[in-house]
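Examining the three-dimensional arrangement
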Amino acid sequence: FSAGEIDFRIGRQHIVWGEMVGLFFADVVSARDLRSFYLPDFEQLRIPQWAARAEYYFGETHAELVWIPVPSYDNIGKPGAEFFPYQPVAPGFSAQYRQEIRPERNAENMNYGLRLSTLKNGWDISGFYYRSTDINQTFYRDIVIAPTPTFIFQAKHDRIHQIGSTLAKDFGDVVLKAEAVYTRGRSFTVLNATDTDGVAAQNTLDWAAGLDFTLPAETRLNVQVFQRQFFNYNEDIIPDKRENGYSVLLNNKFFTNWEAQLLFISSANRPDSLFRPRLSWNFERNWRWLVGADIFNGPPLGMFGRYDQQDR
């Protein structure tokens, strides 16, 4: 509904602030169904939030205020599931997982944010601030020595601040997109078995930049580079201080209803990658037939390598 020049939308809804290929960067509001990792289409991955959103347009500028009184969080499934994010365990120890702790529904755990965007000389630029209880799980750890040495993990949700920006520019047959997000307050798993709770708070900067090419014969090529940089870096966490990566997407539409696609996402720090060839046939309206593969490769602690046995 509208009140004057302000539009309001209240209810369970998708709030999409970023649109890079293959991974999430500035798209910080929507929770995700990660029971199949990042393999389903983003339209299926995103979990909508119960939110109140106010939007105001003035000239080429758009202001958006978001309030989420009852947040949703990432669905990672349960221990034993194919893509459950198991945590590293020291030699000689077993692992147990307690039930995830979801934040209480009170004023302290509500999410809210402000986003401003504008179009200037063909440049679509936005900036946002988002205060939230993290949609990501952080696995805190206890250690029990007797009767059996055991790591006991429990997923919790940190309270975080995020400041980010996006930009896009159309250069004819080439579209430039970029996103960056600074996150303060999120914790990460440490490999030090003597650490009290098994995590360390780290401030991070995630950024991604990509070019989307429109080629002849209904072909699309997308290339991206991305990085996560850790500040106040703790050497006991799994990632390097600067985690670099890249992705390549090639898509072609042929005949009347056929489409072929190749997606490759890889770390530049180590041989850790995901390769996804796919063929689809839209044989009827609202019906699509798909055949493809999801091929993981890398070390046991890599983002993709930890699922090296889950190729399908």
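Below you will find a few notes about this structure.

Scoring rules and cut-offs
- Residues numbered from 1 in each chain as written.
- Predicted model: local features only at pLDDT ≥ 70, side-chain atom pairs only at ≥ 80, totals over all residues.
- Heavy atoms only, no water.
- Helix = DSSP H or I, 4+ residues; strand = E, 2+ residues; numbered from the N terminus.
- Rg over C-alpha atoms; globule rule 2.2 N^0.38 Å.
- Buried < 20%, exposed > 50% of the residue type's maximum accessible area, 1.4 Å probe, protein only.
- Contact = heavy atoms within 4.5 Å.
- Areas by Shrake-Rupley, 256 points an atom, 1.4 Å probe, with all protein chains shown as cover.
- Lys, Arg positive; Asp, Glu negative; His and termini not counted.
- Charge placed at Lys NZ, Arg CZ, Asp CG, Glu CD.
- Patch = residues over 30% accessible without salt bridge, like charges linked within 9 Å, V, L, I, M, F, W, Y side chains within 5 Å.
- Salt bridge = Lys/Arg side-chain N within 4 Å of Asp/Glu carboxyl O.
- Pairing = 2+ DSSP bridges.
- Phe/Tyr/Trp six-rings, centres within 6.5 Å; stacked < 30°, edge-to-face > 60°.
- Lys NZ or Arg CZ within 6 Å of the ring centre and 35° of its normal.
- Axes fitted to C-alpha atoms, helices over the stretch in contact; angles between N-to-C directions.

Turning our eyes to something else, we now look at the overall build of the protein. Within the protein, the regular secondary structure consists of one helix and 23 strands. Taking 20 Å as the expected radius of gyration for a compact globule of 312 residues, we find that the protein reaches 21 Å, a close match to that expectation. If one aligns the C-alpha atoms of the protein with their principal axes, the spans along those axes are about 65 × 50 × 40 Å. Across the 312 residues of the protein, 42% fall into the buried class. Within the protein, contacts between residues at least 6 apart in sequence are counted, and of these 55% link residues at least 24 apart. As presented, the protein carries roughly 16800 Å² of accessible surface, and 56% of it is formed by carbon and sulfur atoms. When the 32 basic and 37 acidic side-chain charges of the protein are each reduced to a single mean position, those positions are 3 Å apart.

All right, on to a nonpolar patch on the surface then. Residues Trp67, Tyr112, Tyr129, Ile163, Tyr182 and Phe231 make up a contiguous nonpolar surface patch of roughly 560 Å² in combined accessible area. Of note, Ile163 is situated in strand β13 (residues 159–170).

Turning our eyes to something else, we now look at the pairing of strand β14 (residues 174–184). As a general feature of sheets, a regular strand has side chains that alternate between the two faces. Sheet topology places β13 next to β14; ten bridges connect them, and they run antiparallel. By the bridge assignment, Thr166 is partnered in β14 with Glu179. Here β13 folds back onto β14 in antiparallel fashion, the turn holding three residues, of which Gly172 has a positive phi close to 80 degrees. With ten bridges joining them, β14 and strand β17 (residues 203–215) adopt antiparallel strand pairing.

Under the definition given, this model contains 35 aromatic pairs. Feature note: the residues Phe24, Phe37, Tyr38, Phe42, Phe83, Phe296, Phe304 and Tyr307 constitute an aromatic cluster, connected by ring pairs. Seen from the ring of Phe151, Arg141 lies directly overhead, with NZ or CZ sitting 4.9 Å from the centre. Here Lys169 stacks its cationic end above the ring of Phe171, 4.6 Å away from the centre of that ring.

In this section: the sheet that holds strand β11 (residues 138–144). Pairing in this open sheet of three strands is mixed, and the strands run β8-β12-β11 from one edge to the other. Looking at the sheet topology across the chains shown, the edges are occupied by β8 (94–97) and β11. Pairs of neighbouring strands in the sheet enclose a mean axial angle of 30 degrees, with direction left out of account. Pairing analysis gives seven bridges linking β11 to strand β12 (residues 150–156), with the strands arranged antiparallel. Looking across to β12, one finds that Arg141 is bridged to Phe153.

This part covers the pattern of salt bridges. Taken as a whole and judged by the stated rule, the model has 15 salt bridges. Note that Glu64 is salt-bridged to Arg53, the shortest N-O span being 3.1 Å. Note that Glu64 is positioned in strand β7 (residues 61–70) and Arg53 in strand β6 (residues 49–58), a separation of eleven residues in sequence. Residue Glu64 shares its accessibility class with Arg53, and that shared class is buried. Arg270 is paired through a salt bridge with Glu243; the nearest N and O atoms lie 2.8 Å apart. Of this pair, Arg270 sits in the loop between β20 (258–267) and β21 (273–284) while Glu243 is found in strand β19 (residues 242–254), placing the two residues 27 residues apart along the sequence. Within this structure, Asp41, Arg278 and Arg288 form a network of salt bridges that share partners.

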